[in-house]
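A look at the structure
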Amino acid sequence: GIYITGSFGQVTIIRATLTSNNVDNGGSGLCVDQWGRAVLDSSNVFENNSNNSGGGIRVDHSSLVMTHTRVIDNHADFEGGGLYIVHESTSDIRFCEISGNYAERNGGGISCYDHSNPVIKNTIFDGNESRRGGGISCFYGASPIVQNCTIVNNLTGGGFSLRYDCLPILVNTIIRDNEDRQILFEGLERNETPSELVCTFSNIEGGVDEIHTGTAGDLIWETGNVDCDPLFADVDNNDFHLTENSE
């Protein structure tokens, strides 16, 4: 794969294929480490394997801008099958597909950890799998903004999970047809701070009644949320565009 650290300055990667890499640490396809800055555009990251976290991509104390890129069928033995965004990293992810990735513990599609706050827009999460957060997992102060995204058909671990002082925001996002729960507030261990999730103008299967926070945090259920069939164009062929009659 490709390894970038802060000493390189910003590195731009366009129309690349990063595949079939295997590493003992994280970021088998792409690792952006130690205040590195990277732009990944119009690329494919698929079938990479990490014995640690970040099967496809790892962003550690760094910054990644990723657009029009497919992250598919990557594997991590711990966290972040597709992407692992960790240690106060920032990322801007737009118009991407994150599908079929697997992580043993957290975040089949993306794992956000330790006060990392990515902005994720217009991105599809489909068919990812993990013990917790099949689509997206947030842990230990991670607070992503997820806007105009589709989180569907993710396997064990559900669509979206959060635990320990996280403050994510969901805006105009569809979360449906995921195994287990659509949104999971994970139980806290001793001395862990509860999380808070803001949800607005989103389509969540089961609505507010299916989101159980317990003592793990608070749900801020703002205006415009619905629970209805989004009327995707052709789910069988992974076409998640909305038809004209969709709400």
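Here the structure is shown first, and the text comes after it.
Being a predicted model, the structure only gives us computed values, none of them experimental.

**With respect to the overall build of the chain**
Helices and strands together make up the secondary structure of the chain, namely 0 helices and 32 strands. Expected size for 247 residues packed as a compact globule is a radius of gyration near 18 Å; at 17 Å, the chain falls within 12% of this value. Expressed as lengths along the three principal axes of its C-alpha atoms, the size of the chain is roughly 50 × 45 × 25 Å. Per-residue burial for the chain yields a buried fraction of 52% across its 247 residues.

**Focus: unusual backbone geometry**
Residues other than glycine seldom take positive phi values, yet Arg-15 does so here, at roughly 55 degrees. The residue Arg-15 is located in the loop between strand 2 (10–14) and strand 3 (17–19) in this model. Taking relative accessible area as the criterion, Arg-15 reaches 68% and is therefore assigned exposed. Phi at Tyr-140 is positive, roughly 55 degrees, even though this residue is not glycine.

**Observations concerning the pattern of salt bridges**
Enumeration over the complete set of coordinates arrives at 8 salt bridges. The partner of Glu-97 in a salt bridge is Arg-70, and the shortest N-O contact between them spans 3.3 Å. Of this pair, Glu-97 sits in strand 15 (residues 97–99) while Arg-70 sits in strand 11 (residues 70–72), and the two are 27 residues apart along the sequence. The class for Glu-97 is partly exposed, based on a relative accessible area of 25%. A residue is classified by how much of its surface remains accessible, and Arg-70, at 41% relative accessible area, is partly exposed. Across the salt bridge formed by Arg-163 and Glu-189, the nearest N and O atoms sit 3.3 Å from each other.

**Things to note about the sheet that holds strand 2**
With respect to topology, 9 strands assemble into an open sheet ordered 2-6-10-14-18-22-25-28-30, the strand pairing being parallel. On the outer flanks of this sheet lie strand 2 and strand 30 (217–221), each paired with one strand and no other. Adjacent strand axes in the sheet meet at a mean angle of 10 degrees, parallel and antiparallel pairs treated alike. Judged from the 3 bridges that link them, strand 22 (residues 145–147) and strand 25 (residues 169–171) form a sheet pairing that is parallel. The residue of strand 25 that forms the bridge with Gln-147 is Val-171.

Calculation criteria
- Residues numbered from 1 in each chain as written.
- Predicted model: local features only at pLDDT ≥ 70, side-chain atom pairs only at ≥ 80, totals over all residues.
- Heavy atoms only, no water.
- Helix = DSSP H or I, 4+ residues; strand = E, 2+ residues; numbered from the N terminus.
- Rg over C-alpha atoms; globule rule 2.2 N^0.38 Å.
- Buried < 20%, exposed > 50% of the residue type's maximum accessible area, 1.4 Å probe, protein only.
- Salt bridge = Lys/Arg side-chain N within 4 Å of Asp/Glu carboxyl O.
- Pairing = 2+ DSSP bridges.
- Axes fitted to C-alpha atoms, helices over the stretch in contact; angles between N-to-C directions.

That's the geometry; what it means functionally is another story.
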